[in-house]
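# Inside the fold
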Amino acid sequence: MFYLSAVNRAAVLLASMLGMAALNGLLRMPDVNMPVFAFTFLSSALLADITPFARRINIALLMALFSSLNQFLISGTHNWPVLQIIVSSLFAFFTFIYLPDLRAGCIVLITGFLSYSAPYAFLPAVGRSIDIFIGVIVIAAVTSLFNASGNISSASSGKLSPCPKYRSFLLAAALAAGNLISQMLRMKQGIWVMLTILFIAMSESQQTPGNKLAIQRIFAVPAGIISGGILLDSFCRMDYRFVYILPFLGAAGFFILYNYNDFFLFSVIFMVSLTVFSDWTTGPYHRFHFWNALVSRSAATLLGAVIYLVFPNTASRSNA
């Protein structure tokens with residue numbers, strides 16, 4: 001039964017990605033990019049096992065509201081880096097406090113930090129906000145479809161875990177420290193400092209403590225980039241349509257996380273299927289900048305893991 005639940009959860013992720021891609025082509029949504037896709041498939045995976053439909057949609061709409069508000073905060077403070085750090089940290093604290101689950105807060109903030117690489121202007125922020133709410137339609141359709149099958153739930157499914165105030169404060173402080181240090185060092189992949197913190201916080205549990213996940217993430221990121229570089233260089237030279245299998249590879253990575261609780265292998269596959277795909281499709285002349293991604297993103301991941309071990313992991317030990 002647990003195996004079947006993991007299969008269905010991975011299928012939810014894949015269906016939500018393909019569903020958002022279909023809407024993108026049908027509605028010609030110009031601002032659909034990585035933040036919107038990340039919000040849609042991560043939220044679908046989180047909410048798939050929430051059985052009351054009204055409750056599931058209410059949480060999705062609340063997450064979309066917070067994510068949309070964050071788009072405007074990021075765009076409005078772009079020219080004032082210190083103000084942006086302060087505002088984003090306060091927003092992170094209240095997001096963790098107000099949303100009913102820590103993972104929901106992490107998804108909202110992941111969507112926001114991914115938007116750091118999106119156009120900074122009012123109209124693009126409006127476009128991304130509209131697309132995020134359109135993503136709620138995909139979330140509602142996909143989660144209802146798989147929830148109705150009866151196979152998505154498991155013993156631990158449907159349980160939301162609110163974030164305590166002390167841990168919310170430490171997470172916000174960790175994100176502020178990572179944002180500040182990455183900007184002071186002018187890191188090319190600075191957002192991955194904050195993304196590392198959030199992915200570890202979202203995946204942490206009693207069985208997989210944060211310090212173990214942080215160490216695994218440090219080694220998994222360069223391993224994933226190297227593997228992705230080899231795949232893209234080898235197969236895409238033969239046929240560019242090879243990249244179409246990457247969403248399926250990403251879904252397989254989440255299945256490994258759900259079924260085997262293997263955060264290391266999940267992180268490797270995640271970097272191959274999503275991060276490398278994004279770099280390959282959005283870089284100048286659609287060329288994969290291997291050394292830039294390997295050095296910059298590995299350094300940002302190392303910094304984020306160290307910060308996580310210093311800040312939020314303290315709350316984890318104190319709550320144990």
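Residues numbered from 1 in each chain as written. Predicted model: local features only at pLDDT ≥ 70, side-chain atom pairs only at ≥ 80, totals over all residues. Heavy atoms only, no water.

### Topic: the state of the cysteines
Counting across every chain of the model gives zero disulfides. Of all cysteine sulfurs, the one in Cys163 lies closest to Cys106, which takes part in no disulfide; the gap is 7.8 Å. With relative accessibility at 0%, the residue Cys106 sits in the buried group. (Disulfide = S-S within 2.5 Å. Buried < 20%, exposed > 50% of the residue type's maximum accessible area, 1.4 Å probe, protein only.)

### As for the environment of His289
You can see His289 is positioned in the loop between helix H11 (263-282) and helix H12 (290-310). The class of His289 is partly exposed, set by a relative accessible area of 38%. Expressed as a C-alpha distance, the spacing of His289 and Gly229, which sit 60 residues apart in the sequence, is 8.9 Å. (Helix = DSSP H or I, 4+ residues; strand = E, 2+ residues; numbered from the N terminus.)

### Remarks on empty space enclosed by the protein
Inspection of the entire model under this criterion finds two cavities of 30 Å³ or more. If you add up the space inside the largest cavity, you get close to 50 Å³. Lining the largest cavity are Asn70, Ile74, Ser88, Phe91, Leu109, Gly112, Phe113 and Tyr116. Elements that contribute at least two residues to the lining of the largest cavity include exactly helix H3 (53-76), helix H4 (81-98) and helix H5 (102-114). In terms of residues, the lining of the largest cavity owes the most to one element, H5, which gives three residues. For the lining of the largest cavity, a count of residues per class yields five nonpolar, three polar and no charged. In this structure, the second largest cavity occupies an estimated 30 Å³ of space. Together, Asn70, Leu73, Ile74, Thr77, Gln84, Val87, Ser88 and Tyr116 line the second largest cavity. (1 Å grid on protein atoms, 1.4 Å probe; cavity = no way out; pocket = protein on both sides within 12 Å on 5 of 7 lines; lining within 4 Å. Points joined across faces, edges and corners; volume = space filled by probe spheres on them. Nonpolar A, V, L, I, M, F, W, Y, C, P; charged D, E, K, R; others polar.)

### Some words on the nonpolar core
Formed by 79 residues in total, the largest nonpolar core has its most connected members in Met63, Phe96 and Leu175. Per-element tally for this core: the top contributor is helix H8 (residues 191-203), with 11 residues. Ignoring sequence-local partners within four residues, the contact set of Leu175 consists of Ala92, Phe96, Leu109, Phe113, Met194, Ile197 and Leu198. Counting five residues, the second-largest nonpolar core is a separate cluster that includes Ala6, Ala10, Ile256 and Ile269. (Core = buried A, V, L, I, M, F, W, Y, C linked by side-chain atoms within 4.5 Å. Contact = heavy atoms within 4.5 Å.)

### Regarding the confidence of the model for the protein
Taken as a whole, the protein shows an average pLDDT of 83; of its residues, 82% reach a score of 70 or greater. No element of the protein has a lower mean pLDDT than helix H13 (residues 312-319), at 58, and none a higher one than H4, at 96. (pLDDT = per-residue confidence, 0-100.)

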